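So the chains spell out like this:
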Amino acid sequence: MEVKKVTYFTEKEEEVANLLMNLGFKKMVAKVMIYLSSKPESTTHDIERGTDLRQPEVSLATAYMINKKWIVCKEVKGKKTGRPAKTFRLAKPLPEIFNSIEEQKKNETCAKLQMMKKLLTCANVCSAILSQVYKDKPVPGEDPRRLTVSGPRLCEGDLSP
């Protein structure tokens, strides 16, 4: 019987994986990413044992990460006949991956803020139309003092006052 050393998560690695999950990444993707950052090259079986994930979860996580070009897959012939094993390694250093995640989250946030501004503009137009329809009656949901809310510019290209 062959004896292998299994790598498990440290407390800091667990914390980083939890932070990635709080950013919206699935548990399996976060765990596989952190596991691969600590081991230069790992087989699917090693990843399963080190992350405490099942084979389908590891397959989904690695497929997602290959699609994002965060990891690279290589097939390695085994000592015996049969199906070759797949090994995975990070395609770029972890800080570069985190920078791309940061950029993606910034773009998502800016897009949501722009939608919110469009919603507020549409609401103001609807409010103006309703006030003409109801002339002397108060419009439901309208601020009688007609205060508007505007915040600081958070995104590039933001033309709000």
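Our subject is the structure that appears above.
Criteria and thresholds
- For every chain, the first residue of the written sequence is number 1, and numbering continues from 1 along that sequence.
- Given that the model is predicted, a residue must reach a pLDDT of at least 70 before its local features are reported, and side-chain atom pairs must reach 80 or more before they are shown or counted; all residues, however, enter totals for whole chains, interfaces and linings.
- Side-chain numbers come from the whole structure's heavy atoms, not from hydrogens or water.
- Angles here are taken between N-to-C directions and fall from 0 to 180 degrees, while the axes themselves are lines fitted to C-alpha atoms, restricted in helices to the stretch in contact.
- Working definition: helices are DSSP H or I runs of at least four residues, strands are E runs of at least two. Numbering for both runs from the N terminus.
- When describing relative orientation, an angle under 35 degrees is termed roughly parallel and one over 145 degrees roughly antiparallel, while 65 to 115 degrees is termed roughly perpendicular and anything else oblique.
- Should the near helix be turned anticlockwise from the far one by less than a right angle, the crossing is termed left-handed; should it be turned clockwise, right-handed.
- A contact between two residues is defined here by any heavy atoms of the two lying within 4.5 Å.
- Residues were grouped as follows: Ala, Val, Leu, Ile, Met, Phe, Trp, Tyr, Cys and Pro as nonpolar; Asp, Glu, Lys and Arg as charged; and all remaining residues, including Gly, as polar.
- At least two bridges found by DSSP between two strands is the condition for calling them paired.
- Burial here depends on accessible area, computed with a 1.4 Å probe over protein chains only, as a share of the maximum for the residue type. Under 20% is buried, over 50% is exposed, and the range in between is partly exposed.
- Only four residue types enter the tally: Lys and Arg on the positive side, Asp and Glu on the negative side; His and the chain ends are excluded.
- When a carboxyl oxygen of Asp or Glu is within 4 Å of a side-chain nitrogen of Lys or Arg, the pair counts as a salt bridge.
- As used in this structure description, the phrase polar contact means that two N or O atoms lie within 3.5 Å; if the pair is within protein, one of them must be able to donate a hydrogen and the other to accept it, and residues adjacent in sequence are counted only when both atoms belong to side chains.
- For a helix, the expected span equals 1.5 Å multiplied by the number of residues minus one.
- The arc refers to the directions leading from the helix axis to the C-beta atoms.
- Excluding any residue in a salt bridge, patches collect residues exceeding 30% relative accessible area, merging like charges within 9 Å and nonpolar Val, Leu, Ile, Met, Phe, Trp and Tyr side chains within 5 Å.
- Values of accessible area rely on a 1.4 Å probe in the Shrake-Rupley scheme; residue burial ignores everything except the protein chains shown.
- Pairs were defined over the aromatic rings of Phe, Tyr and Trp, the Trp ring being its six-membered one, requiring ring centres within 6.5 Å. Orientation was assigned from the angle between planes: stacked under 30 degrees, edge-to-face over 60, tilted for the rest.

## A few points about the packing of helix α1 (residues 11–22) against helix α2 (residues 27–38)
At a closest axis distance of 9 Å, the pairing of α1 and α2 adopts a crossing angle of 140 degrees. Viewed along their axes, α1 and α2 adopt a mutual orientation that is oblique. In this structure, α1 crosses over α2, and the sense of that crossing is right-handed. Contacts between α1 and α2 involve Glu 13, Val 16, Ala 17, Leu 20 and Met 21 on the former and, on the latter, Lys 27, Ala 30, Met 33, Ile 34 and Ser 38. The residue makeup of the contact of α1 with α2, split by class, is seven nonpolar, one polar and two charged.

## What to know about the pairing of strand β3 (residues 85–90)
Examined bridge by bridge, strand β1 (residues 42–43) and β3 share two bridges and lie antiparallel to one another. By the bridge assignment, Ser 42 is partnered in β3 with Phe 88. Across six bridges, strand β2 (residues 71–76) lies against β3 in antiparallel orientation. Each residue of the ladder has a partner; that of Glu 75, found in β3, is Lys 86.

## Here we look at the side chain of Glu 13
On the secondary structure map, Glu 13 appears in helix α1. Lys 31 provides the closest opposite charge to the buried, unpaired Glu 13, separated from it by 11 Å. At a separation of 2.9 Å, a polar atom in the side chain of Glu 13 contacts the main-chain amide nitrogen of Thr 10. Apart from the residues within four sequence positions on either side, Glu 13 is in contact with Tyr 8, Ile 34 and Ser 38.

## Focus: helix α4 (residues 55–67)
Taking 1.5 Å as the rise per residue, α4 with 13 residues should run 18 Å; its terminal C-alpha atoms sit 18 Å apart, in good agreement. Turning to α4, its buried residues are Val 58, Ala 61, Thr 62 and Met 65. Summarising the axial view, the buried residues of α4 lie within an arc of 95 degrees, below the 170-degree limit, and thus occupy one face. For α4, exposure combined with an orientation more than 90 degrees from the buried face picks out Leu 60 and Asn 67. On its buried face, α4 is in contact with α2, α3 (44–51), β2 and β3.

## Brief notes about a nonpolar patch on the surface
Taken together, the side chains of Met 116, Leu 119 and Leu 120 make up a nonpolar region of the molecular surface, amounting to roughly 280 Å² of accessible area. Locating Leu 119 in the fold gives a position in helix α5 (residues 94–133).

## Looking at the packing of aromatic side chains
Scanning all chains against the criterion turns up two aromatic pairs. For the pair Phe 25 and Trp 70, a centre-to-centre distance of 5.9 Å together with 55 degrees between the ring planes defines the contact as tilted. With Phe 25 in the loop between α1 and α2 and Trp 70 in the loop between α4 and β2, this residue pair connects regions lying 45 residues apart in the sequence. Trp 70 shares its class with Phe 25; the two are buried. Arranged with centres 6.1 Å apart and planes meeting at 80 degrees, the rings of Tyr 64 and Trp 70 form a pair that is edge-to-face.

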